[in-house]
Amino acid sequence: MKHVITIDGPSGSGKGTIAKLLARKLGYSYLDTGALYRAVAWQTDQHKIDIENEKALDDMLKKIHITFENEQILVDGQDISSEIRTAEISELSSRVSAKPSVRSALFDIQRKLCLQGRVVIEGRDTGTTICPESENKFYLDASVEERARRRFKELKINNPEMTMDKTIDDIRSRDLRDSSRESSPLRKTDDMIYVDSTGMEIDYVVTHIFDRLK
Ligand code: DC
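Parameters at a glance
Residues numbered from 1 in each chain as written. Predicted model: local features only at pLDDT ≥ 70, side-chain atom pairs only at ≥ 80, totals over all residues. Heavy atoms only, no water. Near = heavy atom within 4 Å. Polar contact = N/O pair within 3.5 Å; in protein donor to acceptor, adjacent residues only side chain to side chain. Areas by Shrake-Rupley, 256 points an atom, 1.4 Å probe, with all protein chains shown as cover. Helix = DSSP H or I, 4+ residues; strand = E, 2+ residues; numbered from the N terminus. Nonpolar A, V, L, I, M, F, W, Y, C, P; charged D, E, K, R; others polar. Core = buried A, V, L, I, M, F, W, Y, C linked by side-chain atoms within 4.5 Å. Buried < 20%, exposed > 50% of the residue type's maximum accessible area, 1.4 Å probe, protein only. Pairing = 2+ DSSP bridges. Contact = heavy atoms within 4.5 Å. Axes fitted to C-alpha atoms, helices over the stretch in contact; angles between N-to-C directions. Expected span 1.5 Å × (residues − 1).

Student: How should the site of the ligand be read in this particular structure?
Tutor: If you check the shell around the ligand, you find 17 residues, and the closest are Arg 38, Arg 103, Arg 124, Asp 125 and Arg 174. Here an oxygen atom of the ligand and a side-chain polar atom of Ser 97 are 3.3 Å apart. Within the side chain of Arg 181, an N or O atom sits 2.9 Å from an oxygen atom of the ligand. Surface burial for the ligand is 98%, taken as the share of its 440 Å² of free accessible area covered by protein chains. For the shell around the ligand, the secondary structure elements donating two or more residues are helix H2 (33-46), helix H4 (87-96) and helix H8 (164-180). The element that contributes the greatest number of residues to the shell around the ligand is H2, accounting for 4 residues. Residues belonging to the shell around the ligand are distributed by class as follows: 1 nonpolar, 6 polar and 10 charged.

Written as structure tokens, this is what we have:
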């Protein structure tokens, strides 16, 4: 699997921006796996589904139709790209992503893209579970404060009531949940190249990763 680049890391580490730019530079496609979990969270919110109700969650997972079109994400044909970028959906997506039924429902769509190759795929388990055979695995990190600063900038556009302190708290609780869940937790393995992007310019990080590709 030579043409698959995986980038895992916590929220706000810059994975999305870096993966997109790297894909553009290489002429590869790009998959934001977090958007899939956000789409599922959005759907549970729309239909007022209690995520602890396994039967209701399973029924919804059987019916949901998620597609990508020009870097936009669609659920049953509706573009929800900006609606999934709220603090509420961030929190809900982290909770639904701990459910094994959700992870297995989203596995095939991710695995299929990974097998097609020529793709940069980013998330929490892309190098461990989705494309473990990839020869180019990265773990992107940054300090909690810097990650919160980046998230806050995005969040306050749609959430004027958001504060920096609340953003830091949200990030900390998401980090804990995403890395301590039983099913495919976020973790750095020995075959991943660790990149700390704290204080680094985006272009520098892209070049840094590009130069390390096998
Ligand atoms: O990367 P993000 O913040 O958009 O991801 C939203 C949530 O989805 C995150 O809190 C955890 C979950 N997620 C996951 O469990 N596995 C992935 N590969 C990607 C995201």
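Read on, since the account is not over.
Student: Is there a simple way to think about unusual backbone geometry in this case?
Tutor: In this structure, Arg 118 takes a positive phi of about 50° despite not being glycine. Tracing the chain through its elements places Arg 118 in the loop between helix H5 (100-116) and strand S6 (119-123). Even without glycine at this site, Ser 184 takes up a positive phi of about 45°.

Student: Would you take a moment to explain the nonpolar core for this structure?
Tutor: As a rule of thumb, soluble globular proteins bury nonpolar side chains together. In terms of nonpolar packing, the biggest core is built from 23 residues, with Val 40, Ile 66, Ile 73 and Val 102 touching the most fellow members. Broken down by secondary-structure element, the contributors of at least two residues to this core are H2, helix H3 (54-63), strand S4 (72-75), H4 and H5. For this core, the element with the most residues is H2, which contributes 7 residues. Ranked by size, the runner-up nonpolar core spans 14 residues in total, among them Ile 7, Ala 19, Phe 138 and Leu 140.

Student: Would you take a moment to explain the sheet that holds strand S3 (residues 66-69) for this structure?
Tutor: Hydrogen bonding along the main chain pairs the strands of a sheet, whether they run parallel or antiparallel. Spatial ordering of the open sheet is given by S3-S4-S5, a layout of 3 strands whose pairing is antiparallel. Of all strands in the sheet, those with a lone pairing partner are S3 and strand S5 (78-79), marking the two edges. Note that S4 and S5 share 2 bridges and pair antiparallel. Opposite Leu 74, over in S5, you have Asp 79 as the bridge partner. Sitting on the sheet, H2 touches S3, S4 and S5, and the angle it makes with S4 is about 35°.

Student: Sorry, what's going on with H2 here?
Tutor: For an α-helix, 3.6 residues make a turn, and residues three or four places apart therefore share a direction. The terminal C-alpha atoms of H2 lie 20 Å apart, and with 14 residues this matches the ideal 20 Å at 1.5 Å per residue to within 8%. For H2, the buried fraction is high: 11 of the 14 residues fall into the buried class. Residues Thr 33, Ala 35, Leu 36, Tyr 37, Arg 38, Ala 39, Val 40, Ala 41, Trp 42, Gln 43 and Thr 44 constitute the buried set of H2. For H2, the capping residue at the N-terminal end is Asp 32, with a side-chain oxygen 3.1 Å from the backbone nitrogen of Gly 34. Just downstream of H2, Lys 48 is the residue with a positive phi angle, here 50°.

Student: Looking at this structure, how should I read the sheet that holds strand S2 (residues 29-32)?
Tutor: Read from one edge of the open sheet, 5 strands run S2-S6-S1-S7-S8, paired in parallel fashion. For this open sheet the edge positions go to S2 and strand S8 (192-196), each flanked by a neighbour on one side alone. Between one strand and the next, the sheet's axes are offset by a mean angle of 20°, whatever the strand orientation. By the bridge criterion, 4 bridges tie S2 to S6 in an arrangement that is parallel. Counterpart to Ser 29 in the pairing with S6 is Val 119. Seen against the sheet, H5 touches strand S1 (4-8), S2 and S6 and runs at an angle of roughly 145° to S6. Of the strands in this sheet, S1, strand S7 (136-141) and S8 touch helix H9 (residues 202-211), which is tilted by about 160° from S8.

That is the geometry; function is a separate question.
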